[in-house]
Amino acid sequence: MSWVQATLLAPGLSRAWGGICGAALKGISISQVSRQLPRGLHCSAATHSSETSLVPTPTEPQQGRTKAVVPYENMFGQAPNGKRDKASFLQAVQKFGEHSVRKRGHVDFIYLALRKMREYGVERDLAVYNQLLDIFPKEVFRPRNFIQHIFIHYPRQQECGVAVLEQMENHGVMPNKETEFLLIQIFGRKSHPMLKFLRLRRWFPRFMNINPFPVPRDLSQDPVDLATFALRHIEPDLSARVTIYQTASSKDSTDAADPTQPHIVGIQSPDQQAALARHNPTRPIFVEGPFSLWLRNKCVYYHILRADLLPPEEREVEEIPEEWNLYYPMWLDLDYARHGWDDYEFDIDEVEEGPVFAMCIAGAHDQATLAKWIQYLQDTNPALAQIPVVFRLAGPTGELQTSARPEEPLPPEDHEEEDNNLQRRWEGQS
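The structure displayed is predicted, hence computed values, not measured ones. (Residues numbered from 1 in each chain as written. Predicted model: local features only at pLDDT ≥ 70, side-chain atom pairs only at ≥ 80, totals over all residues. Heavy atoms only, no water.)

**A short note on helix α8 (residues 177–186)**
(1) Moving on: Listing the buried residues of α8 in full gives T179, E180, L182, L183, I184 and I186.
(2) Moving on: Considering only its buried residues, α8 is in contact with α5 (126–133), α7 (155–170) and α9 (192–207).
(3) Moving on: Positive backbone phi, at 90°, marks G188, one or two positions downstream of α8. (Buried < 20%, exposed > 50% of the residue type's maximum accessible area, 1.4 Å probe, protein only. Helix = DSSP H or I, 4+ residues; strand = E, 2+ residues; numbered from the N terminus. Contact = heavy atoms within 4.5 Å.)

Okay, here's the thing in structure tokens:
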């Protein structure tokens, strides 16, 4: 053995001998000493077997007790009273903090909590959103240098923070100072969640009351009240009158004639009544629908009673006084300098439609229910009894509904007679 190999093997042999001697000094048996072969030392199987070895093979290490991973779905289903409310939601958030002290898996839990908020009825509660933001570890995702500022520092966590703010924006929840403090503490001032927060604080107060026809947040659960509000929301004429022609009856009703009659609510203005009285009885009018109208998260369907547009020769041109005309003065002779390539013609799509005489919202969209509405309209519109009414009802897919009639077989065509007629014509021409 050369002196170079001896020099390389010396540290390994000293460590192995030191471990055996140290174990002997501490009172530990040699069988408990782990086998540490010196690096670079190759032993032959014939001269150094496992039976004669001073360092026997160690036993298998005992596996430590691992904590069972609790699925996040179970945290939201362990409410003691079984109710899905704000208290049970906050209790689930608190359980996550107790289960994972290091907040491991907080991104997945926050995404799951955002999906569960509507079930618990807390999608418009600002305190709950702040509680979700408080789950993020503090002072961990803040950038420390300009390079981290340039690149998105912890992008998955920042996207999760932006998702919380976007859900607040969708439900109209205005963040407060506590939200700002949490975002600064978690992500820092120059981060994407903080930029989203600043945009919300700037534009929310400006656009909060911009809608001239606001819809309340809490809509009525009564279908008649909801239909009344929807018709008032559609009709621009304030003098229009809403009439409840028929209210819905339950299946337990004792009325044997119609135990499950749907509700019918209609609206009509005085101008529409006058236009229907002047309508030509020879021209039919049409019941069309249903058309959808969304009021926040609720959708109602309405029908209209309308007529086709009159031809130009039958239209009556109504003269509007100049002081009533919104486009007064009618003509402005202003000579502005224009370029030769300027387009003097504006592409405006003006679609003219026929007059609308009435609207209604019914609990059923079949022809029988709408025929009752037409009968109720005849009480205030006597001219309607002399006008033919055509129903143009569409199904849920937008296709026109047809009456369920069995298809009649077509009569067989007499091909022999047609061939004889053609042959006679050719013979006459020849």
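Now, onward.
**Overview of the packing of helix α4 (residues 106–120) against α7**
(1) Moving on: Two elements in contact, α4 and α7, have axes whose closest approach is 10 Å; the angle formed by their N-to-C orientations is 15°. Put simply, α4 runs roughly parallel to α7. Crossing handedness for the pair α4 and α7: left-handed. Counting all contacts with α4, which are made through H106, V107, D108, I110, Y111, L114 and M117, the residues of α7 involved are R156, Q157, E159, C160, A163, V164 and Q167. (Axes fitted to C-alpha atoms, helices over the stretch in contact; angles between N-to-C directions. Parallel < 35°, antiparallel > 145°, perpendicular 65-115°, else oblique. Left-handed = near helix turned anticlockwise from the far one by under 90°.)

**Regarding the confidence of the model for the protein**
Parts of the model with low pLDDT should not have their predicted coordinates read in detail.
(1) Moving on: For the protein, per-residue confidence averages 76 on the pLDDT scale, and residues scoring 70 or more make up 64% of the total.
(2) Moving on: The model gives residues 23–70 a pLDDT under 50, and that stretch makes 24 contacts with residues more than four places away or in other chains. (pLDDT = per-residue confidence, 0-100.)

**Observations concerning the sheet that holds strand β2 (residues 264–268)**
(1) Moving on: Read across the open sheet, the six strands follow the order β1-β2-β5-β4-β3-β6; overall the sheet is mixed. Two strands close off the open sheet at either side, each with one partner strand: β1 (241–246) and β6 (389–393). Strand-to-strand, the axes of this sheet are offset by a mean angle of 30°, without reference to chain direction. (Pairing = 2+ DSSP bridges.)

**Points about the packing of aromatic side chains**
By convention here, two paired aromatic rings are described through the distance between centres and the angle between planes.
(1) Moving on: If you walk through the whole model with that rule in mind, you get eight aromatic pairs.
(2) Moving on: Seen in terms of ring centroids, F96 and F109 are 4.3 Å apart; in terms of plane orientation they differ by 5°. Their pairing is stacked. With F96 in helix α3 (residues 86–99) and F109 in helix α4, this pair connects stretches of sequence that are 13 residues apart.
(3) Moving on: Overall, the relative accessible area of 1% leaves F96 in the buried class.
(4) Moving on: Plain terms: the ring middles of Y245 and Y376 are 5.5 Å apart, the flat faces sit at 5° to each other, and that makes the pair stacked. Placement of Y245 in strand β1 and of Y376 in helix α12 (residues 367–380) is noted, with a sequence separation of 131 residues between them. (Phe/Tyr/Trp six-rings, centres within 6.5 Å; stacked < 30°, edge-to-face > 60°.)

**A word on the packing of α3 against α5**
(1) Moving on: Two elements in contact, α3 and α5, have axes whose closest approach is 11 Å; the angle formed by their N-to-C orientations is 10°. Taken together, α3 and α5 sit at an angle that is classed as roughly parallel. Within the contact between the two elements, α3 uses K86, F89, L90 and V93 and α5 uses A127, V128, Q131 and L132.
(2) Moving on: A per-class count over the contact of α3 with α5 returns six nonpolar, one polar and one charged. (Nonpolar A, V, L, I, M, F, W, Y, C, P; charged D, E, K, R; others polar.)

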